[in-house]
Amino acid sequence: MAGAPSAFRSGAVPAIIGRGVFAAARGVGRASLFATRGVAAALTPPWFPGQILRQVLAVGFFSLPVVGLTAVFTGAALALNIFSGGERFNADQVMPQIVALGITRELGPVLAALMLAGRVSAAIAAEIGAMRATEQIDAMRTLSTDPFRYLIAPRLTAALVVLPLLTLVADIIGIAGGWLVATRVLAVDPTIYIRNTATFIQGWDVESGLIKAAVFGFIVALMGCYHGYHAQGGARGVGRATTNAVVTSAMLIFAADYLLTSLFTRP
Amino acid sequence: MTESPKLVWKGVSKRFDGPPVLDRLDLSVAAGQSLVIIGGSGQGKSVTIKLALGLLRPDLGQVLMEGADVAGLSEDARRRLFSKVGVLFQGAALFDSLTVWENVAFRLLNADQVGRAAARARAIEALARVRLAPAVADLAPSELSGGMQKRVGLARAIVAAPEMLFFDEPTTGLDPINAGAINALIVDQVRSLGSTAVSITHDLSSARAIADEIAMIHGGRIVWRGPAADLDTTDNGYVRQFVAGRADGPIASLV
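Quick caveat: nothing in here was measured; it's all calculated off a predicted structure.

Quick notes on the rules
Residues numbered from 1 in each chain as written. Chains lettered and ligands numbered in written order. Predicted model: local features only at pLDDT ≥ 70, side-chain atom pairs only at ≥ 80, totals over all residues. Domains from an automatic or database assignment. Contact = placed C-beta atoms within 7 Å. Nonpolar A, V, L, I, M, F, W, Y, C, P; charged D, E, K, R; others polar. Buried ≥ 20, exposed ≤ 12 C-beta atoms within 10 Å, placed from the backbone. Helix = DSSP H or I, 4+ residues; strand = E, 2+ residues; numbered from the N terminus. Pairing = 2+ DSSP bridges. Axes fitted to C-alpha atoms, helices over the stretch in contact; angles between N-to-C directions. Core = buried A, V, L, I, M, F, W, Y, C linked by C-beta atoms within 7 Å. Parallel < 35°, antiparallel > 145°, perpendicular 65-115°, else oblique.

**Looking at the domain arrangement of chain A**
Residue and element names in this part refer to chain A.
- By domain assignment, chain A separates into domain 1 (1-44) and domain 2 (48-264).
- Between the C-alpha centres of domain 1 and domain 2 the distance comes to 28 Å.
- Listed by partner, the interface residues are seven residues for domain 1 and ten residues for domain 2.
- Considered class by class, the residues forming the side of domain 1 that touches domain 2 number five nonpolar, one polar and one charged.

Structure, rendered in structure tokens:
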């Protein structure tokens, strides 16, 4: 312990902190430039529709089972929790409304995005990282094809478009999961549950969740592409890129969720 | 009047972490010439070629291809200039997600906007030129042997009849028979296309087979350059040691 104050006095600790801060700032700057280049490539021709379609399938269609399963169990668990917890202050009667609100505004987009972070962001980072390690990205550039247009832009576009659609599916399946538990386990009248949900839920509840989902989709694809594109050091580097893609995606999803929620709920 | 060189490295320096990999390197390649750069591992051969391809930017100096600074090209100018360039990468660098013919026709399909039927026909033609049967066209790269992957990489490099070809360690990892076949194909393609070729290798039999001239790089600079036939007769200490494969000599003393 005696070493700690002297290390601080000698400047070693501030130097480490300073280096960390600079490294973080450099990372944010590089990721921002990368995102700008990716968006510019997505907005200007030439486009590669075949690649976009392939990514829509990879990101969206093949993620449906995992997103659907997550949503149904979350909706079911939410219904149980609200019913049992809400009994304490007679709130169990509003269980359908709270399930709908929780799923559409928060859990649908966040959980769908987290599932995509684990499934898609990691896959993107691994694929692009392996392409970097085996010089395929260099080869692409020498073949007069910009990797930002061929690899990055289609993934950003696909994730941005597909995650809101997946979220919409998650919303429906999540509410259905709540309905299933409420009617089969908690003996709530099915018609009342549906009527309460339908009359309470507003368009903005769903829309705000879909806007969040579009932002999360962009984050998931961006982090996968960014970490894969900058992977270094062969197989180990690709593994590191995959881990970093998932971790940074998840962290940014939570941060963006709070920012967007505070923006949407401002009185 | 002498023709201006096709490719020039002009006082090029490049450093990563540590000492410079290239140190004010000067080198030029005349049109129609086949130049092979030889040198030990870590002496800057790959960096030299990557700078010429615009995959790295020099810290100092310029690489001029047909008089244009490669590092300063706009996206459009780069696309135009590199439409005349073919590259065979060390590990072939074939795209895993595409079939063999889609790999060969990648430039035609994605940069030159050639239709799929016409691009496939040209890809199969290029595969035939590297002695691969049309049956391999629909296979995935992972279904091919290392030698066949190199041939597909070569077919991809020559499919658009480039004016300039780059070969990065073309025979590395191949058995002597496949290496000899690749060397013969390279010589054949370079001559039939009339292309300028730049190769890097530490395989001396490959260098002798494909070079008009050989340059040796060491310590980030060119330490010898001469006709391929002079490789075994030069009294340059670096070359003598490299050719003989001796541990003692000027190269060892610098390591």
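**Examining the pairing of strand E3 (residues 34-38) of chain B**
Residue and element names in this part refer to chain B.
- Burial analysis of E3 places five of its five residues in the buried class, which makes it a mostly covered element.
- Taking every second residue as pointing to the same face, both faces of E3 are buried, with Ser 34, Val 36 and Ile 38 on one and Leu 35 and Ile 37 on the other.
- Here E3 pairs with strand E9 (residues 213-218) via four bridges, running parallel. By the bridge assignment, Ile 37 is partnered in E9 with Ala 215.

**Observations concerning the interface of chain B and chain A**
- Every contact between the two is made by 16 residues of chain B and, on the other side, twelve residues of chain A.
- Of all the elements in the fold, those that place two or more residues in the side of chain B that touches chain A are helix H2 (75-82), strand E6 (85-88) and helix H4 (106-110) of chain B.

**With respect to the sheet that holds strand E10 (residues 221-227) of chain B**
Residues and elements named next belong to chain B.
- Across the sheet, six strands lie side by side as E6-E7-E8-E3-E9-E10; this open sheet has mixed pairing. In the strand order of this sheet, the two ends are held by E6 and E10, each with one partner. On average, each strand axis in the sheet is inclined to that of its neighbour by 15°, with strand direction left out of account.
- By the bridge criterion, five bridges tie E3 to strand E8 (residues 196-201) in an arrangement that is parallel. If you follow Leu 35 over to E8, its bridge partner there is Val 198.
- Helix-sheet contacts for helix H9 (residues 237-244) involve E3, E9 and E10, and the interaxial angle to E9 is about 95°.

**Re the nonpolar core**
- If you look at the biggest cluster of nonpolar residues, it comprises 148 residues, and the most contacted ones within it are A:Ala113, A:Ala159, A:Val220, B:Ala52, B:Val104 and B:Ala155.
- No other element matches the 20 residues that helix H5 (residues 95-133) of chain A contributes to this core.
- Those residues in contact with B:Val104 that lie beyond four places of it in its chain are B:Ala123, B:Ala126, B:Leu127, B:Val152, B:Ala155, B:Arg156 and B:Val159.

**Description of the domain arrangement of chain B**
All names here are of chain B.
- As assigned here, chain B comprises domain 1 (7-84 + 162-254) and domain 2 (94-153).
- Between the C-alpha centres of domain 1 and domain 2 there is a distance of 26 Å.
- If you look at the interface, domain 1 gives nine residues, while domain 2 gives six residues.
- Of all the elements, helix H7 (residues 176-193) adds the most residues to the side of domain 1 that touches domain 2, at four residues.
- Broken down by class, the residue content of the side of domain 1 that touches domain 2 amounts to four nonpolar, four polar and one charged.

**Examining the pairing of E9(B)**
Residues and elements named next belong to chain B.
- For E9, the buried fraction is high: five of the six residues fall into the buried class.
- Here E9 runs beside E10; their pairing, made up of six bridges, is antiparallel. Bridging across to E10, Ile 217 finds its partner in Ile 222.

**Focus: the packing of helix H2 (residues 12-43) of chain A against helix H7 (residues 147-184) of chain A**
Residue and element names in this part refer to chain A.
- Between H2 and H7, the shortest axis-to-axis distance is 8 Å and the interhelical angle comes to 90°. It follows that H2 is roughly perpendicular to H7 by the angle criterion. Contacts from Arg 37, Gly 38, Ala 41 and Ala 42 in H2 reach Phe 148, Arg 149, Ile 152, Ala 153, Leu 156 and Thr 157 in H7.
- Grouping the amino acids of the contact of H2 with H7 by side-chain chemistry returns six nonpolar, two polar and two charged.

**So, the sheet that holds strand E2 (residues 20-29) of chain B**
All names here are of chain B.
- On the basis of which strands lie adjacent, the open sheet formed by four strands has the order E2-E1-E4-E5 and antiparallel pairing. Across the chains shown, the open sheet's two edge strands, defined by having one partner strand only, are E2 and strand E5 (68-69).
- Here strand E4 (residues 60-65) runs beside E5; their pairing, made up of two bridges, is antiparallel. Residue pairing in the sheet places Leu 64 in a bridge with Asp 69 of E5.

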